[in-house]
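Examination of the molecular architecture
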Amino acid sequence: MKVLLTGGAGFIGSHVADELLAAGHQVVVLDDLSSGKREQVPARAEFVEGDIGSDLAAKLIREGNFDAVIHQAAQIDVRRSVREPRFDAQVNILGTINLLEAAADAGVKRFVFASSGGACYGEQEVFPAPETHPMRPVSPYGASKVAGEVYLGYYFAEKKLPYVALRYANVYGPRQDPLGEAGVVAIFIGRCLDGQACTIYGDGKQTRDYVYVGDVARANRLALESTFVGALNIGTGIETDVLTLHRAIAEITGSSQPPVFAPARPGEQRRSCIDPSLAGTAIGWRPEVQLPQGLQMTVEYFRGTRSK
């Protein structure tokens, strides 16, 4: 298939590009490089620099003869979404609508959307949360992802554009930004390798569901190649608290620095964990990389980048 991949210069998107190319698909990457890196785009992928909300993006889809769109590009900083909800909505809602409108006009056969399990569900009632869990986002970022899914439903019902919304758990792995706002695994690894103490907000007993980026990339390919329409959780169904995560990373990196504790951040979810079983039956996806193995591979990647 010929696929337009938005955000393909970013952390997750570049892994999706690798996965698609390895499976024989033709990939065109659209990225504005606001956070992505040009060098992360695979050599065999065509690259177009541009914003998802632009006329250029819409024209690219309308004239590009694409079979599918995989939409990874987003404003992903939850705290920025709280500070600048209009900006978050402009990128994540209006940008997505721009792509959907063009895709529907062009007769695109498949639209795969990067959504969020934790941010969409908010404070959970059930652990792990299934796709039927109520959507109660507690941030503008989460609200924008819920809105994106609502629009996907509309474009499928009214304009016959089949879609899959992949609700990611906490994605980690190589190429994640250790200096960014998102990605506690990368941040902890970076600080441990630098011999610095990691900051834990609150008591460290808050939990997350950590899923390896290679597994997430495979989920995108399987969703692309399937006929399933709807939302799927992409996680492990396993909760890991921040204290346990820090201990594991400190052990792998050889860090002896104890963590520094800081006040809990307002609005942070206490527990987040999603049930991936539907993805197994719907598209044949199951997580394959367990956290200890994934952390080891991620640490090795960051060590390698420092030795160059």
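Residues numbered from 1 in each chain as written. Predicted model: local features only at pLDDT ≥ 70, side-chain atom pairs only at ≥ 80, totals over all residues. Heavy atoms only, no water.

Next up on the list: the overall build of the protein. In terms of regular secondary structure, the protein is built from 11 helices and 13 strands. Here the C-alpha radius of gyration of the protein, 19 Å, is about what a compact globule of 308 residues would show, namely 19 Å. Dimensions of the protein, computed from the C-alpha atoms along their principal axes, are close to 55 × 45 × 40 Å. Contacts in the protein between residues far apart in sequence, at least 24 positions, make up 78% of those at least 6 positions apart. Per element, the accessible surface of the protein, about 13,500 Å² overall, is 51% carbon and sulfur. For the protein, the centre of its 31 positive side-chain charges and the centre of its 35 negative side-chain charges are spaced 1 Å apart. (Helix = DSSP H or I, 4+ residues; strand = E, 2+ residues; numbered from the N terminus. Rg over C-alpha atoms; globule rule 2.2 N^0.38 Å. Contact = heavy atoms within 4.5 Å. Areas by Shrake-Rupley, 256 points an atom, 1.4 Å probe, with all protein chains shown as cover. Lys, Arg positive; Asp, Glu negative; His and termini not counted. Charge placed at Lys NZ, Arg CZ, Asp CG, Glu CD.)

Oppositely charged side chains may form a pair once their charged atoms are brought near each other. One pass over the full model with this rule turns up 14 salt bridges. Among the ionic pairs, D18 bridges to R175, the shortest N-O distance being 2.9 Å. Taken together, the positions of D18 in helix α1 (residues 11–22) and R175 in the loop between β7 (170–172) and α7 (184–193) put the pair 157 residues apart, joining distant regions of the chain. Residue D18 is classed as partly exposed on the basis of its relative accessible area of 31%. Under the relative-accessibility criterion, R175 is labelled partly exposed at 23%. Across the pair R270 and D203 runs a salt bridge, and its minimum N-O distance is 2.8 Å. (Salt bridge = Lys/Arg side-chain N within 4 Å of Asp/Glu carboxyl O. Buried < 20%, exposed > 50% of the residue type's maximum accessible area, 1.4 Å probe, protein only.)

It is a probe the size of a water molecule, rolled over the atoms, that shows where empty space is left. Within this model, the second largest pocket holds a volume of roughly 180 Å³. If you go around the second largest pocket, the residues you meet are Y210, T236, I238, T240, P287, E288, V289, Q290, L291 and P292. Looking at the lining of the second largest pocket, its residues break down into six nonpolar, three polar and one charged. (1 Å grid on protein atoms, 1.4 Å probe; cavity = no way out; pocket = protein on both sides within 12 Å on 5 of 7 lines; lining within 4 Å. Points joined across faces, edges and corners; volume = space filled by probe spheres on them. Nonpolar A, V, L, I, M, F, W, Y, C, P; charged D, E, K, R; others polar.)

Looking now at helix α6 (residues 140–159). Given a rise of 1.5 Å per residue, 20 residues ought to cover 28 Å, and the 27 Å separating the end C-alpha atoms of α6 matches this to within 8%. Of the residues making up α6, those classed as buried are Y141, G142, S144, K145, V146, A147, G148, E149, L152 and Y155. Buried residues in α6 make contact with α3 (78–83), α4 (85–106), β5 (110–116), α5 (117–121), β6 (163–168) and β11 (230–234). In the stretch just after α6, K160 is the one whose phi turns positive, near 60 degrees. (Expected span 1.5 Å × (residues − 1).)

Here we come to the packing of aromatic side chains. Tallied over the full model, the rule gives four aromatic pairs. Considering the side-chain rings of Y154 and Y155, the 5.0 Å spacing of their centres and the 80 degrees angle between planes classify their relative orientation as edge-to-face. On the accessibility criterion, Y154 (39% relative accessible area) is partly exposed. Looking at Y155, the relative accessible area reads 4%, which means it is buried. Considering the side-chain rings of Y301 and F302, the 5.2 Å spacing of their centres and the 75 degrees angle between planes classify their relative orientation as edge-to-face. Looking at Y301, the relative accessible area reads 29%, which means it is partly exposed. Above the ring of Y201, the side-chain terminus of R265 is found at 4.0 Å from the ring centroid. Directly above the aromatic system of F127 lies the positively charged group of R271, at a separation of 3.6 Å from the ring centroid. (Phe/Tyr/Trp six-rings, centres within 6.5 Å; stacked < 30°, edge-to-face > 60°. Lys NZ or Arg CZ within 6 Å of the ring centre and 35° of its normal.)

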